[in-house]
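Residues per chain are reported as follows:
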Amino acid sequence: MSYVLSEPIETLIQDQPCGAITEKHDQNTDDKPPDKPLAVDVLIVGSGYGGAIAAMRLAGLKPNVYVFERGNEYATGDFPESLGEFPSHVQFLRPDRDAPIGNADALFDFRIGDPVSVLVGNGLGGGSLINANVALEPDDAVFSDPAWPSALRNNRAALEPYFAEVETLLGVQCADVHGIRKFDALHRLADSLGAPCHRAPIAVTQSKDLSVKITNAVGIAQNPCIGCANCVTGCNVGAKNTLPMNALPLARSRGARLFTGATVLSV
């Protein structure tokens, strides 16, 4: 396992029992006080979109920002490439069990429920590792829900600058569909129904010249997309703009510490 952005949680607990992370006092002092719990300014649980953006924004503003991620850090080339490799990257959690079926650190974490089941990304970068990186802005109707704070509710104009900021960070651009027969077929179907057919905005680095790396918004050189369609199983090309390509390295450069292998049992 390689650690480029993160550290294993063992470096923090220093071989102490789980749940007993403490600051050690000078062992040469006879009247030393008992060990006290380690304190940080900000502790973020999870490194998906919510956690990564929070870490990016708070790092540098607070002295100690820690991110705990229960999964592993995946480098380009670590993701499964074949059906034979895939089973070891999958875990299931049923409602009648307390422990998952399969590898507890597997990337694809299926939570089977009744009536709702969900797929969760278990790794540094969370769901960004295993989604198709389609980046559609929410419809206006989404923000008309009274559950939203009044400052956001029915206030699209106030949100537009932030949509633009995130799109720049994630490198969102419309998909290059030239020569893709599936899109052409869907376009014909939409025309026959009198419905619009749009190219999806995706957070993937694209270029017609596949031999040239492209520097993204945070200064990381990425390979362009080769159209292999392995976005959901994990991009081994380095073209997909997952959070380890943008928000997480930016958070780390600002002083945040990212720990993998950390399961939070209670808050």
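The coordinates are above.
Okay, so let's go over this structure. Counting of residues starts from 1 at the beginning of each chain's written sequence and follows it residue by residue. The predicted origin of the model limits local features to residues at a pLDDT of at least 70 and limits the giving and counting of side-chain atom pairs to 80 or more, whereas totals for whole chains, interfaces and linings rest on all residues. Side-chain measures were taken over the full set of non-hydrogen atoms in the model, leaving aside hydrogen atoms and water.

1. Observations regarding the sheet that holds strand S1 (residues 6-8)
Here is step 1: When DSSP finds two or more bridges between two strands, those strands count as paired. Counting from the N terminus, the helices are DSSP H or I runs at least four residues long and the strands are E runs at least two residues long. On the basis of which strands lie adjacent, the open sheet formed by four strands has the order S1-S14-S5-S4 and parallel pairing. Since the sheet does not close on itself, it has two edges, and those belong to S1 and strand S4 (42-45), each with one partner. For this sheet, the mean inter-axis angle between neighbouring strands, taken without regard to orientation, is 30°.
Here is step 2: Examined bridge by bridge, S4 and strand S5 (residues 65-69) share four bridges and lie parallel to one another. Here the axes come from fitting lines to C-alpha atoms, over the contacting stretch only for helices, and the angles between their N-to-C directions go from 0 to 180 degrees.

2. Regarding the layout of surface pockets
Here is step 1: Of the grid points, spaced at 1 Å and generated over the protein atoms alone, those admitting a 1.4 Å probe that cannot get out make up cavities, while open sets with protein on both sides within 12 Å along at least five of seven lines make up pockets; any residue with an atom within 4 Å of a point is treated as lining. Grid points are joined across faces, edges and corners, and a volume is the space filled by probe spheres set on the points. The computed volume of the largest pocket comes to approximately 890 Å³.
Here is step 2: By residue number, the principal contributor to the lining of the largest pocket is helix H4 (residues 181-193), which donates three residues.

3. A word on the environment of Leu61
Here is step 1: Mapped onto the secondary structure, Leu61 falls in the loop between helix H2 (49-58) and S5.
Here is step 2: Sequence separation between Leu61 and Arg254 is 193 residues; the distance between their C-alpha atoms is 8.9 Å.

4. So, the sheet that holds strand S8 (residues 108-111)
Two orientations exist for strands paired in a sheet by backbone hydrogen bonds: parallel and antiparallel.
Here is step 1: As summarised here, the arrangement of the four strands in space is S7-S6-S8-S9, forming an open sheet in which the pairing is mixed. Whereas interior strands pair on both sides, the edge strands pair on one side only; in this sheet they are strand S7 (101-102) and strand S9 (118-121).
Here is step 2: For strand S6 (residues 90-93) and S7, the ladder comprises two bridges, and the chain directions are antiparallel. In the sheet register, Phe92 faces S7, and the bridge partner there is Ile101.

5. What to know about unusual backbone geometry
Here is step 1: Here the amide bond leading from Asp114 into Pro115 is cis, since omega sits at 15°, within 30 degrees of zero.
Here is step 2: Looking at the element boundaries, Pro115 is found in the loop between S8 and S9.
Here is step 3: For Asn133, which is not glycine, the phi dihedral falls at a positive 60°.
Here is step 4: Tracing the sequence through the fold places Asn133 in the loop between S9 and helix H3 (156-170).
Here is step 5: By relative accessible area, Asn133 is classed as buried at 2%.
Here is step 6: Unlike most non-glycine residues, Ala229 shows phi in positive territory, near 70°.
Here is step 7: Relative to the elements of secondary structure, Ala229 occurs in the loop between strand S13 (221-222) and helix H5 (247-253). Here the term buried applies to any residue with accessible area under 20% of the maximum for its type, exposed to any over 50%, and partly exposed to those in between, with areas from a 1.4 Å probe on protein chains only.

6. Thoughts on the nonpolar core
Here is step 1: Residues Ile44, Leu243, Ala247, Leu248, Ala256 and Leu258 are the most contacted members of the largest nonpolar core, which totals 19 residues.
Here is step 2: Counting only elements with at least two residues in this core, the list comes to S4, H2, S5, H3 and H5.
Here is step 3: Counting eight residues, the second largest nonpolar core, distinct from the first, contains Ala175, Ile202, Val204 and Cys235. As used here, the term nonpolar core means buried Ala, Val, Leu, Ile, Met, Phe, Trp, Tyr and Cys residues forming a set that is joined through side-chain atoms within 4.5 Å.

7. Things to note about the pattern of salt bridges
Here is step 1: What counts as a salt bridge is simple: a side-chain nitrogen of Lys or Arg found within 4 Å of a carboxyl oxygen of Asp or Glu. Throughout the structure, instances matching the rule amount to seven salt bridges.
Here is step 2: For the salt bridge of Glu7 with Arg257, the shortest nitrogen-to-oxygen distance reads 2.8 Å. A residue pair is termed long-range when its members are at least 10 positions apart, and Glu7 in strand S1 and Arg257 in strand S14 (residues 257-260) qualify at 250 residues.
Here is step 3: Taking relative accessible area as the criterion, Glu7 reaches 23% and is therefore assigned partly exposed.
Here is step 4: Glu137 is the salt-bridge partner of Arg156, the closest N and O atoms lying 2.7 Å from each other. Of the two residues, Arg156 sits in helix H3 while Glu137 sits in the loop between S9 and H3, which places them 19 residues apart along the sequence.
Here is step 5: We classify Glu137 as partly exposed; its relative accessible area is 30%.

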